[in-house]
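Okay, here's what each chain looks like letter by letter:
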Amino acid sequence: MNRKDYKKAIDSLEKAMIKDPDSFVITHDLCRLYLRENNDEKAVELVEKLVRKNPDNVDGLLLFIQLKKESLDKKNRVELLNRILLLDPKNKETFLRLAKIYMEGENNPEALILLKKMVEQFPDYYVAWFYLGKVYLAEKQYELAKIQFLKTLELEPDLVESRFQLIKIFSRQNSLEDNTKILNLYEEIFDTGC
């Protein structure tokens, strides 16, 4: 692979798969090479086989979701992501993927439950606070949204997007004090260099 001789690398990994068909590392590398060579069908076939043999392999399930994201319906993605969370409750990316699916489907109550659990479990992870703020904002719970975005800025002071979300909140309230806060936020955005 390092010499960019991908055909030989595929041949070597296919031989290795015969000796160790349950190896996630070999499967992952071979899938990556198949995708590089525009052989999506073989990559999907390989990961499906891995998941059938190892239904509790979190890395395999994540790879399966990644490769089949276009063909999996929302219900199946939600089921798989929930299964991954049961197997690996510390998997931040799975929390976020699942929360985003709920948010896109306007299932904010489920997103709130999940994101509250996530911020409880990962209190220093600013991304969880940010998405929790977005759900509260979508639910028009402006004070709760504001708290989440301020927490995001406490954890990640240079984050511009949280400031824009706060500007949205203050713009809706439209008081003189809020207009001053909006101006201050714009100044902070300009000071961060964005």
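Structural data are supplied above this passage.
Definitions and cut-offs
Residues numbered from 1 in each chain as written. Predicted model: local features only at pLDDT ≥ 70, side-chain atom pairs only at ≥ 80, totals over all residues. Heavy atoms only, no water. Axes fitted to C-alpha atoms, helices over the stretch in contact; angles between N-to-C directions. Helix = DSSP H or I, 4+ residues; strand = E, 2+ residues; numbered from the N terminus. Parallel < 35°, antiparallel > 145°, perpendicular 65-115°, else oblique. Left-handed = near helix turned anticlockwise from the far one by under 90°. Contact = heavy atoms within 4.5 Å. Nonpolar A, V, L, I, M, F, W, Y, C, P; charged D, E, K, R; others polar. Polar contact = N/O pair within 3.5 Å; in protein donor to acceptor, adjacent residues only side chain to side chain. Salt bridge = Lys/Arg side-chain N within 4 Å of Asp/Glu carboxyl O. Buried < 20%, exposed > 50% of the residue type's maximum accessible area, 1.4 Å probe, protein only.

Peer 1: Account for the packing of helix α7 (residues 108-121) against helix α8 (residues 126-138), naming residues and giving values.
Peer 2: Working note: a packed helix pair is described by the angle between its axes plus the distance between those axes. Running from N to C, α7 and α8 point in directions that differ by 150°, and their axes come no closer than 9 Å. Classified by the angle their axes make, α7 and α8 are roughly antiparallel. Regarding α7 and α8, the two cross each other, and that crossing is left-handed. The segment α7 lies against α8, with Asn 108, Ala 111, Leu 112, Leu 115, Lys 116, Met 118 and Val 119 engaging Ala 128, Trp 129, Tyr 131, Leu 132, Val 135, Tyr 136 and Ala 138. Taken together, the residues of the contact of α7 with α8 sort by class into 12 nonpolar, 1 polar and 1 charged.

Peer 1: Break down the packing of α8 against helix α10 (residues 160-173) for me, with residues and values.
Peer 2: Running from amino to carboxyl end, α8 crosses α10 at an angle of 20°, the nearest separation of the two axes being 11 Å. Judged by the angle between their axes, α8 and α10 are roughly parallel. The element α8 and its partner α10 pack so that their crossing is left-handed. Contacts between α8 and α10 involve Phe 130, Lys 134 and Leu 137 from the former and Glu 161, Ser 162, Gln 165, Lys 168, Ile 169 and Arg 172 from the latter. When its residues are assigned to classes, the contact of α8 with α10 shows 3 nonpolar, 2 polar and 4 charged.

Peer 1: Which residues make up the side chain of Gln 148, and what values go with them?
Peer 2: Take Gln 148: it is sitting in helix α9 (residues 142-155). Among the polar contacts made by the side chain of Gln 148, one reaches the main-chain carbonyl oxygen of Leu 144 at a distance of 3.0 Å. Once you skip the residues sitting within four places of it in the chain, Gln 148 turns out to touch Trp 129, Leu 132, Gly 133 and Tyr 136.

Peer 1: Residues and numbers for the pattern of salt bridges, please.
Peer 2: Side chains that carry opposite charge are capable of pairing whenever their charged atoms lie near each other. Summed over the entire model, instances satisfying the criterion amount to 8 salt bridges. Among the salt bridges present, the one from Asp 11 reaches Lys 15, with a minimum N-O distance of 3.3 Å. Taken together, the residues Asp 11 and Lys 15, both in helix α1 (residues 6-19) and 4 residues apart, mark about one turn of the helix. Exposure remark for Asp 11: the relative accessible area of 37% places this residue in the partly exposed category. Lys 68 is the salt-bridge partner of Glu 48, the closest N and O atoms lying 2.8 Å from each other.

Worth remembering: the numbers are spatial, not functional.
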